[in-house]
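One letter stands for each residue in the lines below.
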Amino acid sequence: MSMTITLIPLAIAMSMSLTSASLSTLIALQGKPLGDLEPLETRYADEALLLRTLREHGMTVQSAGEGEYLVQTDCGRLHYLRKEKNGPFYLQIENVQNMRGLLESIDSLENEYGRNVQKFTYDRVLHSIRHYGLSIEDQAVLEDESIVLRLRV
């Protein structure tokens, strides 16, 4: 007997790390003078995955306190912080030199974070499969990067 599990790519499921309202705010500000922006809520929830993503993206991350990180880019500074210990990270954008470049950089980070979350989830599913004594009969990666696992039960 076998069972099939489909893991959709979290990059698609999560769509973007910034909330829609936050993204709309940034897009609306392109080409306009920027003052101090309020921190924008992100969907980044896992601190270890956020740090890993930033470092894999070639960025130098400075700790600015518990749950607070600074990243200097050519386009401006990214300031990630948590308002609550287990809450989502917020992104404060400071010293913006190039809004379009900054948005492209944020988009690239979001895609990489989505891939990291997907890999983390996939590894946890594989661990659980082994833990419960199941085995994988077959697996396939579809065009949309969904993963289909057929388990032997």
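The written sequence of each chain sets the order in which its residues are numbered from 1. Totals for whole chains, interfaces and linings use every residue, but because this is a predicted model, local features are given only for residues with pLDDT of at least 70 and side-chain atom pairs only at 80 or more, for both listing and counting. The side-chain values count all of the structure's non-hydrogen atoms but skip hydrogen atoms and water molecules.

J.: Would you mind showing me how to read the overall build of the protein here?
T.: Each helix corresponds to a stretch of at least 4 residues labelled H or I by DSSP, and each strand to a stretch of at least 2 residues labelled E; elements are numbered beginning at the N terminus. Broken down by element type, the protein carries 4 helices and 8 strands. Starting at the N terminus and ending at the C terminus, the protein contains elements arranged as β-α-α-β-α-β-β-β-β-α-β-β. Burial status across the protein gives 41% buried among its 153 residues. Burial here depends on accessible area, computed with a 1.4 Å probe over protein chains only, as a share of the maximum for the residue type. Under 20% is buried, over 50% is exposed, and the range in between is partly exposed.

J.: Hey, could you run me through the sheet that holds strand β4 (residues 68-72) in this one?
T.: The strands that make up a sheet pair up through hydrogen bonds in the backbone, lying either parallel or antiparallel. Two strands form a pair only when DSSP identifies at least two bridges running between them. With respect to topology, 5 strands assemble into an open sheet ordered β2-β6-β5-β4-β3, the strand pairing being antiparallel. The open sheet terminates on both sides in strands that have one partner only, identified here as β2 (40-41) and β3 (61-63). Should any heavy atoms of two residues lie within 4.5 Å, those residues are counted as being in contact. Between N-to-C directions, angles span 0 to 180 degrees; the directions come from axes that are lines fitted to C-alpha atoms, helices contributing only their stretch in contact. Sitting on the sheet, helix α4 (residues 99-131) is in contact with β5 (77-82) and β6 (89-94), with an inclination near 45° to β5.

J.: Can you help me understand the nonpolar core in this one?
T.: As a rule of thumb, nonpolar side chains are buried together in soluble globular proteins. For this analysis, a nonpolar core means a set of buried residues of the types Ala, Val, Leu, Ile, Met, Phe, Trp, Tyr and Cys, connected via side-chain atoms within 4.5 Å. Within the largest apolar cluster, 21 residues are counted, with the highest numbers of intra-cluster contacts made by L54, L78 and Y80. Taken together, the elements giving at least two residues each to this core come down to α3 (47-56), β4, β5, β6 and α4. No other element matches α4, which puts 5 residues into this core. Contact partners of L78, with chain neighbours within four places excluded, come to Y69, L70, V71, T73, L91, Q92, I93, L102, I106 and L109. Grouped together as the second largest cluster of nonpolar side chains are 7 residues, V125, I147, L149 and L151 included.

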